[in-house]
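Fold and contact review
Here is how the chains run, residue by residue.
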Amino acid sequence: MIKILKIEFNNFRQYKHVTINFDQNCKNHLHILKATNGTGKTNFLNAVLWCLYADEKYLSDTSRALPIINESVVENSKAGDKLFVNVRMTICDEKNNIEFSRTQDFTVIEDPFKKNKNVIPGLCTFKIIITNLNDPNKNTVVYDDESYTLSIVKQYFDVEIFDYYFFNGENLENYFSTDANKTGKIKKSIYNLAQVTLLETAIDRVSKMAVEKSRKSNQGSSWEGFGYYRDLEQCKNDIINLTAANTQYEEENNENIKRLSEINETLNNIKPIKLQQESREKLVKRLKELEEQKESEIIKRNNFIIDYTIYLNYYPLIKSTLNTIYEKEKSGSLPPDIDKKLLQKILDDKITTCPVCSNTIDQNSVLAIKKMISNLDVDSKTSHKLMEIKAPLEDFVNKAENYPKERRALVASYDFLNSQIDECKEELDNISAFLSKVGTIDDINIPDLEAERNDLDQELTANKNSIAHNIAQIKIREDKIKKLEKLIEEYEKKKKYKDDLVDQVRIFRQLASAFEIVKTSIAEEIKLEIEEVAWDFFDSMIWKTQTFGRLEINDDYIVSVYNINGKETIGSMSATELMALAYSFTFAIHKASGKNCPLIIDSPLGRVSDDNRINMANELLKVSKHKQIIMLFTPDEYSEDVRNLYDKEAGSVRDIKLSEDESEILEVGV
Amino acid sequence: MNEEKSRMTLKISAQNRELIYQLVAKKTLGFNSLSTKEIFKYASALGLNKPSNLKNSDTYVRVDYLHTSDKALLITTKLGKAKTIAQIDEYCNIEHSYVEAEKCANTGFKILKEKVDAAKGDEELLANRLLIELETLYQTNVKSTL
């Protein structure tokens, strides 16, 4: 149970210096404050509301109200005096003492025309001091930051439903509003207290995260990786096939070489063609040498093509650049070819003999060197750059202009080599042609052998070419595999990231769904609990037993009461019945909030008459066994039958008395 | 030379790397024995008159590997087109020339691919065609100016 222990007032309207303690050791936590109209009943409520919310919510007309500071205090002060208003309310729950304290500073001013005093509001401060009752040292924590204080106040007396803590019996219609704004606040506040809002926030958050992660996981194609794997597999298979093909070519060539060797040996042993055979061996050897030379010539030719493509294409630009340099040189805008570092070294090392001409470096020479270095410093970077590139560019020009000579030499050498190769081949063809016609010697068919030899030769060359081609293809695929493996590595990283995102999306969606179920379940349970508790209270307070059938609260927290025939009755209920219903709903909200907060009621029985008063008074007394209730009565409202009950049973009964000049509460005494 | 230090590499379009792989693997025009800077200069010379923007640029030649003569050649890519003193000063910043040379090489690789494809793997045919083109180039660019 949460109870108000003490309320202290300082200069708050007529509550100049008043402290009210609420007795804790009583069987019923019911406290009565009696006051005639205009004494300060409503201002008691307003003081507490101002302390908690900085707002006197039951003030009839804020714009035309006096300042909250006690009028006599202002009148008895001087212009420039600093005054203050303070209200402190101390409550306790099972664990803590919590003190809410609001102070408003004022400065007194004097109106020179009206000749009266007024106040200018200054700083308004609010702090909450929490003392842990379980802490043996009773250490306190002070909160004065609004972000904390608002949250603490919300936990105990949520401003959205303040009138369910500080009950105004004269304003009953307020409790059965069908205004969505009002009922929405009840719902919001109950949801807050029951942590349903927390669940709603969680649902919203995890849903958004699910959407965000789902969006990320859908970015980019998830199929791209399949292409990489397929290409990788293809490349690997190609390499296997190409390698196998080369192995076969090599095996064939080995066989061919072996057979060629046998044929040559056979032909070499046939005397009539021995000469041709020897010639052919020499020619083959020569042809091999020539083809090797041709390889080297091809390299030279390729280099020539590459180099002269560069020189001849760039030639116009090189010439143009050189012309710029020559013009600048001619106009004297380029620096002389001087080694600036060497000049600086001569000065730094105080060299006395010139390292270039061996002349003596005297004082005049030193001055001349210094001047030269200074002049070099002011030359532009452009000039230096131009000087730097001049020689290489001239070299390019020379090479380009030397093109015809270089080309002639290359072509001559290449053509000569080709003619020698052609001659060799021709002679070999002649030998082959001769052998093809020579007929059979020593039972050996020479033309057949020669034909076989030619076929084997051709096959050898073809196989060698195929092997070379396959090796090149293998190299291309090996390079591609390296690239694909890198791509696959990146793809797998991305895929893992995406898979993780998909997992997270699934979890977030499950969470959102689970939270939604929990939220709906709690919300429904709370509503049912409020319905049940409100009905129990209502049923016990109402003397009619054959009229009302049930109480219902819809999803918007609008209360309806149905008679035993199932018809809505709230619009035709008496003031007493409405009051009973308002209390019932209030107690039900308190219960659903999970915190058994105190209830301060202004005019608790004001709208209730006759026998019902004592009936309701009795019911409220029963409630006060487990809940602190502070009631503010007028003497008329505190009628004899109520007095007979409460004077005996209440924890305290006090009269609020004004001073004779009506400027302040004189005492709040028993 | 601070402006040169800011640049670490010369770039080519990523797609041209595949072409270079092919040419190196097939030893076309002796590409297998050429350095990256030689290949780059050759491509830039081929596309010198039609620079084009790179797509998905990829690093290719380390600037550290360029000698003074290489830089002298590449700087003319821009400097050789300078018409005013202000342009000469501006184009002496080799960064401009590197960017231009990259664009020229980009076109150059396309031209080279067309020539290689047209020769259909016949190295001798390709070389002969290129030699004929050199002759024309000499006549047009050099001999006519002598």
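Rules behind the numbers
Residues numbered from 1 in each chain as written. Chains lettered and ligands numbered in written order. Predicted model: local features only at pLDDT ≥ 70, side-chain atom pairs only at ≥ 80, totals over all residues. Axes fitted to C-alpha atoms, helices over the stretch in contact; angles between N-to-C directions. Helix = DSSP H or I, 4+ residues; strand = E, 2+ residues; numbered from the N terminus. Parallel < 35°, antiparallel > 145°, perpendicular 65-115°, else oblique. Left-handed = near helix turned anticlockwise from the far one by under 90°. Nonpolar A, V, L, I, M, F, W, Y, C, P; charged D, E, K, R; others polar. Buried ≥ 20, exposed ≤ 12 C-beta atoms within 10 Å, placed from the backbone. Pairing = 2+ DSSP bridges. Contact = placed C-beta atoms within 7 Å. pLDDT = per-residue confidence, 0-100. Expected span 1.5 Å × (residues − 1).

1. Remarks on the packing of helix H5 (residues 196-218) of chain A against helix H12 (residues 446-541) of chain A
Residue and element names in this part refer to chain A. Remark: H5 packs on H12, axes separated minimally by 8 Å, with the N-to-C direction vectors making an angle of 155 degrees. Here H12 runs roughly antiparallel to H5, going by the angle between their axes. Of the two elements, H5 crosses H12, and the hand of that crossing is left-handed. Class assignment for the residues of the contact of H5 with H12 results in 17 nonpolar, four polar and seven charged.

2. Structural notes on the pairing of strand S14 (residues 629-633) of chain A
Residues and elements named next belong to chain A. Within S14, five of the five residues are buried, which leaves the element mostly enclosed by the surrounding structure. Burial of S14 is two-sided: the residues Ile629, Met631 and Phe633 facing one way and the residues Ile630 and Leu632 facing the other way are all buried. Of the pairings in the sheet, the one linking strand S3 (residues 30-34) to S14 comprises five bridges and is parallel in character. Across the sheet, residue lysine 34 finds its bridge partner in S14, namely phenylalanine 633. Of the strand pairs in this sheet, strand S13 (residues 599-602) and S14 are connected by four bridges, and their pairing is parallel.

3. Here's the deal with the interface of chain A and chain B
Taken residue by residue, the interface counts 35 residues in chain A and 37 residues in chain B. For the side of chain A that touches chain B, the secondary structure elements donating two or more residues are helix H7 (274-330), helix H10 (381-401) and H12 of chain A. The element contributing the most residues to the side of chain A that touches chain B is H7(A), with 20 residues. Here the residues of the side of chain A that touches chain B are counted per class, giving 19 nonpolar, eight polar and eight charged.

4. A closer look at the sheet that holds strand S1 (residues 3-12) of chain A
Residue and element names in this part refer to chain A. Taken in spatial order, the six strands line up as S2-S1-S4-S5-S6-S7 in an open sheet, and their pairing is antiparallel. Of all strands in the sheet, those bounded by a partner on one side alone are strand S2 (15-21) and strand S7 (140-143). In this sheet, adjacent strand axes meet at a mean angle of 15 degrees when their direction is disregarded. When strand S5 (residues 96-111) meets strand S6 (residues 116-132), the two strands line up antiparallel, connected through 15 bridges. Bridge pairing in S6 links isoleucine 98 to isoleucine 130. Lying on the sheet, helix H1 (residues 41-53) is in contact with S1, S2, strand S4 (82-92) and S5; it crosses S4 at an angle near 90 degrees.

5. Focus: the confidence of the model for chain B
Residues and elements named next belong to chain B. The share of residues in chain B with pLDDT of 70 or more is 96%, and the mean pLDDT across the chain is 90. Helix H1 (residues 2-5) is the least confidently modelled element of chain B, averaging 45 in pLDDT, while helix H3 (residues 36-46) averages 97, the highest of any element. For this predicted complex, the interface score ipTM comes out at 0.96, while the overall pTM is 0.52.

6. Section: the packing of helix H4 (residues 68-79) of chain B against helix H6 (residues 94-119) of chain B
All names here are of chain B. The interhelical angle for the contact between H4 and H6, taken along N-to-C directions, is 85 degrees, at an axis separation of 7 Å. For the element pair H4 / H6, the angle class is roughly perpendicular. Residues Lys71, Leu74, Ile75, Thr77, Lys78 and Leu79 of H4 touch H6, and the partners they reach there are Ile94, His96, Ser97, Tyr98, Glu100, Ala101 and Cys104. Each residue belonging to the contact of H4 with H6 can be placed in one class, and the counts come to seven nonpolar, three polar and three charged.

7. Observations concerning H1(A)
It helps to recall that an α-helix has 3.6 residues per turn; residues three or four apart then point in one direction. Residues and elements named next belong to chain A. Compared with an ideal rise of 1.5 Å per residue, which puts 13 residues at 18 Å, H1 spans 18 Å between its outermost C-alpha atoms and is within 8% of the ideal. Here H1 lies mainly inside the structure; twelve of its 13 residues are buried. Those residues of H1 that fall on the buried side of the exposure criterion are Lys41, Thr42, Asn43, Phe44, Leu45, Asn46, Ala47, Val48, Leu49, Trp50, Cys51 and Leu52. Alanine 54 lies just past H1 and shows a positive phi near 60 degrees.

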